[in-house]
Amino acid sequence: APPRKGEGNTRAVTVLPLDKRRSGRFKKRKLAMPAKSSSKGPTQRMLRVGEMARHALVEVLQRGEIIDPIIETTVISVSEVRMTPDLTRATAYISPLGVADPEPVVAALNRHARFIRGALGPALRQLRSMPQIHFRADTSFDNFAKIDQLLRQPEVTRDTQRPTAIVPKDEE
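Residues numbered from 1 in each chain as written. Predicted model: local features only at pLDDT ≥ 70, side-chain atom pairs only at ≥ 80, totals over all residues. Heavy atoms only, no water.

## Overview of the overall build of the protein chain
Thinking step 1. Within the protein chain, the secondary structure is distributed over six helices and five strands.
Thinking step 2. When the elements of the protein chain are put in sequence order from the N terminus, they spell out β-β-α-α-β-β-α-α-β-α-α.
Thinking step 3. Evaluated residue by residue, the protein chain yields a buried proportion of 25% over its 172 residues.
Thinking step 4. Sequence-distant contacts in the protein chain: of pairs separated by 6 or more residues, those separated by 24 or more amount to 53%.
Thinking step 5. On the protein chain, roughly 13,700 Å² of surface is accessible, and the fraction owed to carbon and sulfur atoms is 54%. (Helix = DSSP H or I, 4+ residues; strand = E, 2+ residues; numbered from the N terminus. Buried < 20%, exposed > 50% of the residue type's maximum accessible area, 1.4 Å probe, protein only. Contact = heavy atoms within 4.5 Å. Areas by Shrake-Rupley, 256 points an atom, 1.4 Å probe, with all protein chains shown as cover.)

Given below as structure tokens:
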């Protein structure tokens, strides 16, 4: 049966009785609580906190607070910071510029993740708890380059161009 008006957006919740005489019985009541969302995308809060963490992380890297020879000699671009729904973990996607293999830089940043977490504290002080930070190499630029290379192939460019109008020889 379809839900009646006002029942579609509720869940059954066990409510403990206030009266101690009936402490052994529980009642199920329908409370007006929103149903769990089925969307998989990040929420507005996750995006906002991730962007704040990215800005704070860039400031820490620019100031040179991390004492590590690999990090000090490398220019690091932070392209995105993704937050988990509970805002306890952050994954920072970085791409070191001018370095063929980004893994040593990622490993060095992961070694100093606890220090970086403490350095982000003043910038993210409105959060209940400071998120744990994990670093990963950003491969999105490589994916973009592969797609661009595929689109520039002669077979694909031939298919994407407009056909030219064929003009009969009588009209020339």
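## Things to note about the sheet that holds strand 5 (residues 132-137)
Thinking step 1. Spatially, the three strands line up as an open sheet ordered 3-4-5, and their pairing is mixed. Every other strand in the sheet has two partners, leaving strand 3 (75-83) and strand 5 as the edge strands with one partner each. Neighbour to neighbour, the strand axes of the sheet diverge by 30° on average, direction disregarded.
Thinking step 2. Relative to the sheet, helix 3 (residues 103-111) contacts strand 3, strand 4 (89-97) and strand 5, its axis offset from that of strand 5 by approximately 175°. (Pairing = 2+ DSSP bridges. Axes fitted to C-alpha atoms, helices over the stretch in contact; angles between N-to-C directions.)

## Describing the pattern of salt bridges
Pairing is possible between side chains that carry opposite charge, provided their charged atoms lie close to one another.
Thinking step 1. The final tally for this structure, using the stated rule, is six salt bridges.
Thinking step 2. The partner of E80 in a salt bridge is R82, with the nearest N and O atoms 3.1 Å apart.
Thinking step 3. Between R152 and D148 there is a salt bridge, and its shortest N-O distance comes to 3.1 Å.
Thinking step 4. You can call R152 exposed: its relative accessible area is 62%.
Thinking step 5. The structure contains a network of salt bridges with shared partners spanning E59, R63 and E65. (Salt bridge = Lys/Arg side-chain N within 4 Å of Asp/Glu carboxyl O.)

## Focus: the environment of T43
Thinking step 1. Along the chain, T43 turns up in the loop between strand 2 (27-31) and helix 1 (44-63).
Thinking step 2. T43 sits in the partly exposed class, given a relative accessible area of 43%.
Thinking step 3. Each C-alpha atom of the pair T43 and T84 lies 9.8 Å from the other, and the pair is 41 residues apart in sequence.
Thinking step 4. A distance of 3.2 Å separates the side chain of T43 from the backbone nitrogen of M46, its partner in a polar contact. (Polar contact = N/O pair within 3.5 Å; in protein donor to acceptor, adjacent residues only side chain to side chain.)

## Brief notes about the side chain of T91
Thinking step 1. Looking at the secondary structure, you find T91 in strand 4.
Thinking step 2. Residue class for T91 comes out buried when judged on its relative accessible area of 19%.
Thinking step 3. With near-sequence residues (within four places) excluded, T91 lies in contact with E80, V81, R82, H134 and R136.

## Here we look at unusual backbone geometry
Thinking step 1. Of note in the backbone geometry, L87 takes a positive phi value of approximately 60° without being a glycine.
Thinking step 2. For L87, the position within the fold is in the loop between strand 3 and strand 4.

## Thoughts on the nonpolar core
Thinking step 1. Of all hydrophobic cores here, the largest spans 31 residues; its most connected members are L57, L61, I94, L109, I116, L120 and F135.
Thinking step 2. When residues of this core are traced back to their parent elements, those giving at least two are helix 1, strand 3, strand 4, helix 3, helix 4 (113-119) and strand 5.
Thinking step 3. Apart from the residues lying within four places of it in its own chain, the contact partners of I94 are I76, S77, V78, V105, V106, L109, F135, R136, A137 and D138. (Core = buried A, V, L, I, M, F, W, Y, C linked by side-chain atoms within 4.5 Å.)

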